[in-house]
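Report on the structure
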Amino acid sequence: MAEFMRCTSPMLEVAQALLEAGGEELKTCYQCGTCTSVCPWGNLIEFSPRRFIETARLGLEGFEEATWTCVQCRMCQDRCPQQIDIPQIFRAVRGVLSEGGSTPPALRVPLAGLRGEGNPWVEPREKKTAWATKNDVPALAPEHEVVLFACCANEYEARNQRDGVAVAGLMKAAGVSFGYLGKEGTCCGDLIATTGAESLFSLLRKTNLNALGGVSARTTVTISPHCLNAFRNRYPAVLGMTFRHVTELWDELLREGVLKPSRGGAARVTYHDPCYLGRHNGVYEAPRNVLKAIPGIELVEMAHHHERSICCGGGGGGAWMERPKGERLGDLRVMEAVSTGADTLVTACPYCVQMLEASVLGLNLEGKIKVRTVSELLSDSIAQGGVE
Amino acid sequence: MTNDPKIVAFLCHWCSYTGADLAGTSRIKYTPAVRIVRVMCSGRIEPSFVLKALKEGADGVLICGCHPGDCHYQEGNYKALRRFHMLKEMLGQFGLEGDRVRLEWVSASEGDRFAKLADSFTEEIRRLGPLAWKRVGNESERRVA
Amino acid sequence: MSHEPRIGVYVCHCGVNIAGVVDVKRVAAEMASEAGVVLSREYKFMCSTPGQEMIIDDIQSHGLNRVVVAACSPRMHEGTFQGACRKAGVNAYFFQMANIREHDSWVTLDKEEATRKAIALTRAAVRRVRNHEPLETRQVEVRKEVLVIGGGIAGIEAALTVAESGNHVYLVEREPTIGGHMARFDKTFPTLDCSACILTPKMNAVGSHPNITLMTSCEVEEVKGFVGNFDVKVKRKARYVDHDKCTGCGACVEKCPVKVPSEFDEGLSKRKAIYTPFPQAVPNKPVIDRAACTYFRTGKCRLCERFCEPKAIAFEQQESTQEIQVGAIIVATGFEFYRGEALSWYGHGRYPNVITALEFERLNNASGPTEGVLRMADGRVPQSVAILHCIGSRDKNYQEYCSRVCCMYSLKFAHLVKEKTGAEVFEFYIDMRSPGKGYEEFHDRIREEGAHLIRGKVGEVTDLAVNPEEQGRLIVVAEDTLAGSRLRVPVDMVVLSPGLSAHRDSKVAQLLKCAVDKNGFFIEKHPKLAPVDTATDGVFLAGCCQGPKDIPDTVAQSQAAAAKALALATRGVVEAEGRTACIDPEVCAGCKLCVSLCPYKAISFDTAKEISVVNEVLCKGCGTCAAACPSGAAQARHFKDVHIFNEIEGVLAL
Ligand SMILES: Cc1cc2nc3c(=O)[nH]c(=O)nc-3n(C[C@H](O)[C@H](O)[C@H](O)COP(=O)(O)OP(=O)(O)OC[C@H]3O[C@@H](n4cnc5c(N)ncnc54)[C@H](O)[C@@H]3O)c2cc1C
Ligand code: SF4
Ligand code: SF4
Ligand code: FES
């Protein structure tokens, strides 16, 4: 008789483990499916955060596969009628799975890099500040008012070094009293936190808290929205410091007339909101204000912008995961950008730059559209026109 | 917990007491330090009530009435307001902090506000510490006894 | 009467409401040792008949002359227990309540703390009751007239019920016509009877009933007094048309050159500056919209005046106030249709063919802008329509509650679309809520009619096509949560079904001293046992002002509210406050301070004796005189200094 009866029973121990790991909120999900319908993955693959929640809360089979797909873009959370922190549920499940040793292979390299060298590229730690030395970026000193905190990408990766150099140049041009936090600091850990690697994240956080705890400057400016997010939302507020994104600083310096862009070269640009700058930290207008302040630049919006912006695919560890063609969120984004007629796709996050550039390459659109950062465009216009 | 502040709250029957009832029916939790005494109108509250409360061991006194214009008896709350200013001065003469008494308008629909007020006032009184009479004139002591 | 106090104390469990948090046994035990306490008990439900009988028995067998009940708020059950005391021959004012539920067990987390507070509150009551004095209550006559505020179906029904009994009703409606939301619908679920057919006769009955004074374009400005004796000021907005002279011929409306969007039609059609909101309006006489009128804007025109034969146009008309006296008030101010931010996620205001439920109602109405033909912005008849449930409802970002009627009206829409156009209907819901007589059957019928009911909340409506089939259409994106697939459904028209909101301004509630809940709806006195009463005696609730509900429930509630108002009128008297002020002639120094302070002019000065005297019929017992009296001669009965002092000692005793 028994062979004829197939049924699934809830595995409440599994469910309990997920609840205890921080998935509390999944209890109130009423399975409306709003999350699935607004999740950008729905445009490319079968992926249902709703079903993930339903299976996870009963400990049913099947939630493991979906666990690593989420890019933590927060679209679903902002729309969930039950105000469930859905990305957090993914993180909780990731934590539990990681503890059980089932971290996806693609994540093992960056995890090892961060553990050993403090950066996800497994580059030797000594190379962290080479870019700064080469480009005369001042090292942090007690008299500085502002700490410049660069992303590992600005430090170790050639493309994003250009952005870092532009940022430092602009700060100098504006006469900001700043210094770069070099070897004392380490990766902010934001991306790794989203993969559920709690203990590694705590380690990184401790290093940075020590480094920043000792400085006299009261403001830290970050180039990456991820660092911003880590400091604002994942670190305890004990530092008593203000954390700002570079685009917020530029916006202020432009309004005060300290920076005066002269020429930007005619360009039709469209702006991609990084999830961690927009939805996660509510910064939508500062980067746009900067772009609008550059003469000769025409800003057009993509079909999805501001709160509705689509993720580049890099969040939640996505930057390290290989995805087959046709399953890349970055491709979706680049195509939206191209269809606005813009020649430049501007953004304000090193990971977005990576992801979007990869998609431009993959789609053979190099001739059509360039990926730049807000800081780079501003720097161009200042360099040509000078500062007062 | 037992050396927590003690607070007497005088609430008018029509708006504020109903507001406190609403906090209850809405199951909004707030500090047990606040003990409510009902009067028909905030205009009934005399300085001697407040002094009596402080003398009996209260560390603070909260007075609540209807919002201006809403008093069930037309203007009792304005009268309460006038007396309240007198009262603050009087406390000063006794060497007490004027902030130990507070007058607030709480309507029948502001259950949430009442609960928050109870908590925030208690917090403030906790900051002021236990009440310490500095110069209690015999005269006034006799009056409130 | 000044015999030794013999007090009985009763601590109520209120099921687990109190006993789940407060150690009721300990409270009762503590009270037993208070001076004057003869017995101290705890019991499951004091307000129940056995509970009350226990008090009565104890009074008789133990010779109690004072009673304290520690239970819920006195606003809830003071009257109940006073009644029990009276029955056993104890004056009602020898009773005192301690509020250990609303003010303690429901607001305190820690059980020990809650118990201590309960002991303190009960002790305060015990200490105060010792010094109570018996008071005589007077009976005050109840006015027979009833005020109904709001003229939707709720107000209409309540007014008619009261009027039919022979009592007079004042019906105050702020719009130029009565009818409320129901007047705007075409058909009504679940029976699909035509809204106008069932509503218009009632509206006309209100307009012509000899016992109803219909006051449209009016709002309540001020309410004074108390149950049985309310004095109400009603403000009438200027209508610029003398309705006594106007015959409702409509010549003026025809001639008026100004056209503005019609509110009644949700802006889908135009009306004139002088207008009646819709053809069946009651009163069926026009008003002038000052903001739109050319004469008021530029000083020239007055065309309507020229064509009005009975000379009813009155540009000089001013806002006016009328005072009315009533014994009871029924609130029937209804709801506001949700128009908030949630609509914007679904393209309302961006795509012309995304419409709200009310717009749909108007498009479907035979007397609406399209004479009942369901048309898109370009005039075509849609081939496919999506209906989206729960817009802004059951949503913590907007309105957390379920509005109860939207599933049903959305199903009604599916039927109407099918019937009128034969279009495909896709209805997206989270949970289908169709409880009610005949409602599940209605739901079933709509399924049979072939509407596609999809379980999943829509995330987005977009015009971004990804394939030729989607080109030029609206694409509805949702997860079919039962099939587990994300759907893109191209349609021609999208209908958004939001919920019902409370009025944003709570002026009426404030005037009546009624509480509103966190969503802005009026709170009834008890959700189960007093659903149309409010905390203010003599004020009753009907319809959606109390919470979202459908027409059958609204009408039932209206009739209940009317019955409550009539019960009051029929009883004819209410007990007036025994808690008046008194002035001790031996102590009064004749300073006359109280004479000037009393808001009711209830204190006069006896020049012969040189003392002030209280007229107890006029006194309302606020106690202002007692607070101000420098000699202590003026005292507020039941709230004497000694009572308050006893209470202060009590609440601080633990
Ligand atoms: C789109 C839609 C479709 C619906 N379809 C159906 C259906 O098919 N069947 C069904 O049973 N139910 C239906 N309902 C529910 C139905 O509308 C309500 O049950 C009903 O209208 C409630 O009547 P009411 O008198 O309480 O409120 P309302 O209809 O809102 O009437 C309130 C009246 O009070 C007036 N008012 C407000 N404030 C004041 C004030 N301060 N002073 C004076 N007057 C004031 C208003 O102007 C209004 O005339 C539907 C609801 C909606 C939104
Ligand atoms: S949107 Fe929220 S409530 Fe709806 S299915 Fe997703 S998690 Fe659950
Ligand atoms: S956070 Fe973004 S990627 Fe993750 S489930 Fe939500 S919408 Fe999808
Ligand atoms: S009745 Fe509330 S202050 Fe007078």
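Residues numbered from 1 in each chain as written. Chains lettered and ligands numbered in written order. Predicted model: local features only at pLDDT ≥ 70, side-chain atom pairs only at ≥ 80, totals over all residues. Heavy atoms only, no water.

**Points about the state of the cysteines**
Residue and element names in this part refer to chain C. Quick note on the threshold: In what follows, a disulfide is any cysteine sulfur pair within 2.5 Å. Only protein chains enter the accessibility calculation, which uses a 1.4 Å probe; a residue is then buried when its area is under 20% of its type maximum, exposed when over 50%, and partly exposed in between.
For the structure on display, the rule yields one disulfide over all chains. Cys 194 shares a disulfide with Cys 197; S-S distance 2.2 Å. Here the S-S torsion is close to 90°, and the disulfide linking Cys 194 with Cys 197 is therefore right-handed. Cys 194 sits in the partly exposed class, given a relative accessible area of 23%. Cys 625 provides the cysteine sulfur closest to Cys 619, a residue in no disulfide bond, and the two sulfurs are 6.3 Å apart.

**Considerations on the pairing of strand β33 (residues 611-614) of chain C**
Residues and elements named next belong to chain C. Note the following rule: Two strands form a pair only when DSSP identifies at least two bridges running between them. Only DSSP runs of H or I reaching four residues or more are called helices, and only runs of E reaching two or more are called strands; each is numbered from the N terminus.
Relative to β33, strand β32 (residues 603-606) is paired through four bridges, and the arrangement is antiparallel. Across the sheet, the residue bridging to Ile 603 is Val 614, located in β33. Hairpin connection, β32 to β33: the antiparallel pair is bridged by four residues, and Glu 610 has positive phi, about 60°.

**Description of the site of ligand 1**
Residues and elements named next belong to chain C. Which entries qualify depends on this criterion: Summary of the distance rule: residues count as near a molecule or strand when at least one heavy atom falls within 4 Å of that molecule or strand. Counted as a polar contact is a pair of N or O atoms within 3.5 Å, where, for protein atoms, one must be capable of donating a hydrogen and the other of accepting one, and residues adjacent in sequence contribute only when both atoms are in side chains. What sets the accessible areas is the Shrake-Rupley method with a 1.4 Å probe; for residues, cover comes only from the shown protein chains. Residues are sorted three ways: Asp, Glu, Lys and Arg are charged, Ala, Val, Leu, Ile, Met, Phe, Trp, Tyr, Cys and Pro are nonpolar, and all the rest, Gly among them, are polar.
Among the 35 residues in the neighbourhood of ligand 1, the closest are listed as Glu 173, His 181, Lys 412, Lys 549 and Ile 551. Measuring from a nitrogen atom of ligand 1, one finds a backbone N or O atom of Arg 174 at 3.2 Å. Between ligand 1 and the protein, one listed contact pairs an oxygen atom with a backbone N or O atom of Cys 544 at 2.9 Å. Relative to its unbound accessible surface of 990 Å², ligand 1 loses 97% to contact with the protein. Contributing elements (two or more residues each) for the shell around ligand 1: α6 (153-164), β8 (187-188), α11 (357-364), α12 (406-421) and α15 (551-571). Element by element, the count of residues in the shell around ligand 1 is highest for α15, at three residues. Its residues assigned to classes, the shell around ligand 1 shows 16 nonpolar, 11 polar and eight charged.

**Quick look at the sheet that holds strand β11 (residues 218-226) of chain C**
All names here are of chain C. Here is the rule we go by: Axis definition: a line fit to C-alpha positions, over the contact stretch in the case of helices; interaxial angles, taken between N-to-C directions, run 0 to 180 degrees.
One open sheet accounts for three strands, arranged β11-β12-β17; its pairing is antiparallel. Across the chains shown, the open sheet's two edge strands, defined by having one partner strand only, are β11 and β17 (320-326). When the angles between neighbouring strand axes are averaged without regard to direction, this sheet yields 20°. Here seven bridges tie strand β12 (residues 229-236) to β17, and the two strands are oriented antiparallel to one another. Considered in β17, the bridge of Lys 235 is made with Thr 321.

**Points about the interface of chain B and chain C**
The condition that has to hold: Contacts were defined at the residue level, with two residues in contact if any of their heavy atoms lie within 4.5 Å. The term buried area means the drop in 1.4 Å probe accessible area that two parts suffer when joined, counted for both and summed. When a carboxyl oxygen of Asp or Glu lies within 4 Å of a side-chain nitrogen of Lys or Arg, that pair is called a salt bridge.
On the side of chain C, 52 residues touch chain B, which itself brings 51 residues to the contact. The junction of chain B with chain C conceals about 4600 Å² of combined surface from both sides, 60% of it contributed by carbon and sulfur atoms. Contact with chain C buries area across many residues of chain B, yet Arg35(B), Arg38(B) and Arg44(B) alone supply 16% of it, more than any other trio. In this structure, the connection of chain B to chain C is made through three salt bridges.

**Section: the site of ligand 3**
Near ligand 3, the surroundings consist of 14 residues, among which Cys39(A), Cys70(A), Cys73(A), Arg74(A) and Cys76(A) are the closest. Elements with a minimum of two residues in the shell around ligand 3: α5 (75-79) and α6 (86-99) of chain A.

**Some points on the packing of helix α1 (residues 24-32) of chain C against helix α5 (residues 111-130) of chain C**
Residues and elements named next belong to chain C. Just so we agree on the cut-off: Should the near helix be turned anticlockwise from the far one by less than a right angle, the crossing is termed left-handed; should it be turned clockwise, right-handed.
Running from amino to carboxyl end, α1 crosses α5 at an angle of 35°, the nearest separation of the two axes being 9 Å. Note that α1 runs across α5; the crossing there is right-handed. Two secondary-structure elements touch here, α1 through Arg 26, Val 27, Glu 30 and Met 31 and α5 through Glu 112, Thr 115, Arg 116, Ala 118, Ile 119, Thr 122, Arg 123 and Val 126. Per-class residue counts for the contact of α1 with α5 are five nonpolar, two polar and five charged.

**Structural notes on the arrangement of the chains**
Counting contacts across all two pairs of chains found in contact, the highest total belongs to chains B and C. Chain B makes no contact with chain A, the minimum C-alpha separation between the two being 20 Å.

**A few points about unusual backbone geometry**
The step from Phe189(C) to Pro190(C) runs through a cis peptide bond, and the omega angle for that step is -10°. Note on placement: Pro190(C) falls in the loop between β8 and β9 (193-194). Of note, the amide linkage connecting Val282(C) to Pro283(C) takes the cis form, showing an omega dihedral of 0°. Relative to the assigned elements, Pro283(C) resides in the loop between β15 (274-275) and β16 (287-288). The residue Gln83(A) is not glycine, and still its phi comes out positive at about 50°. Along the polypeptide, Gln83(A) turns up in the loop between α5 and α6. Its relative accessible area of 41% is what places Gln83(A) among the partly exposed residues. In the Ramachandran plot, Asn364(A) falls in the positive-phi region, its phi being about 55° despite a non-glycine side chain. Its place among the elements puts Asn364(A) in the loop between α17 (350-362) and β8 (370-373).

**Observations regarding the side chain of Thr195(A)**
Residue and element names in this part refer to chain A. Inspection of the secondary structure assignment puts Thr 195 in the loop between α11 (190-193) and α12 (198-213). Among the residues examined, Thr 195 registers a relative accessible area of 2% and is labelled buried. Reaching out from Thr 195, the side chain makes a polar contact with the backbone oxygen of Ile 192 at a distance of 2.7 Å. Sequence-distant contacts of Thr 195, that is, excluding residues within four places in its chain, are made with Trp 68, Arg 94, Ser 98, Leu 107, Gly 316 and Gly 317.

**A word on the domain arrangement of chain A**
Residue and element names in this part refer to chain A. As a reminder of what qualifies: Throughout the structure description, domain borders are defined by an automatic or database domain assignment.
One can read the domain layout of chain A as domain 1 (2-99), domain 2 (105-253) and domain 3 (258-382). Distance between the C-alpha centres of domain 1 and domain 3: 30 Å. Listed by partner, the interface residues are 15 residues for domain 1 and 19 residues for domain 3. A combined buried area of about 1400 Å² lies between domain 1 and domain 3, and 65% of that area is made up of carbon and sulfur atoms. Its largest share of buried area at the contact with domain 3, domain 1 owes to Leu 44, Val 71 and Met 75, together 34% of the area lost on that side. Inspection of the domain 1/domain 3 interface yields three residue pairs in polar contact (both at pLDDT 80 or more). Residues belonging to the side of domain 1 that touches domain 3 are distributed by class as follows: nine nonpolar, three polar and three charged.

**A few points about the interface of chain A and chain C**
On the side of chain C, 23 residues touch chain A, which itself brings 25 residues to the contact. When chain A packs against chain C, the two sides together hide about 2000 Å² of surface, and 41% of this comes from carbon and sulfur. For chain A, the biggest contributors to the area lost against chain C are Ser37(A), Arg79(A) and Arg308(A); these three give 30% of the whole. The tally of links from chain A across to chain C stands at one salt bridge. Of the charged contacts in the structure, one is a salt bridge between Glu479(C) and Arg50(A), with a shortest N-O distance of 2.8 Å. Those elements that place two or more of their residues in the side of chain A that touches chain C are α2 (34-38), α3 (49-58) and α5 of chain A. Counting residues per element, the side of chain A that touches chain C draws most heavily on α2(A), at four residues. A per-class count over the side of chain A that touches chain C returns seven nonpolar, 11 polar and seven charged.

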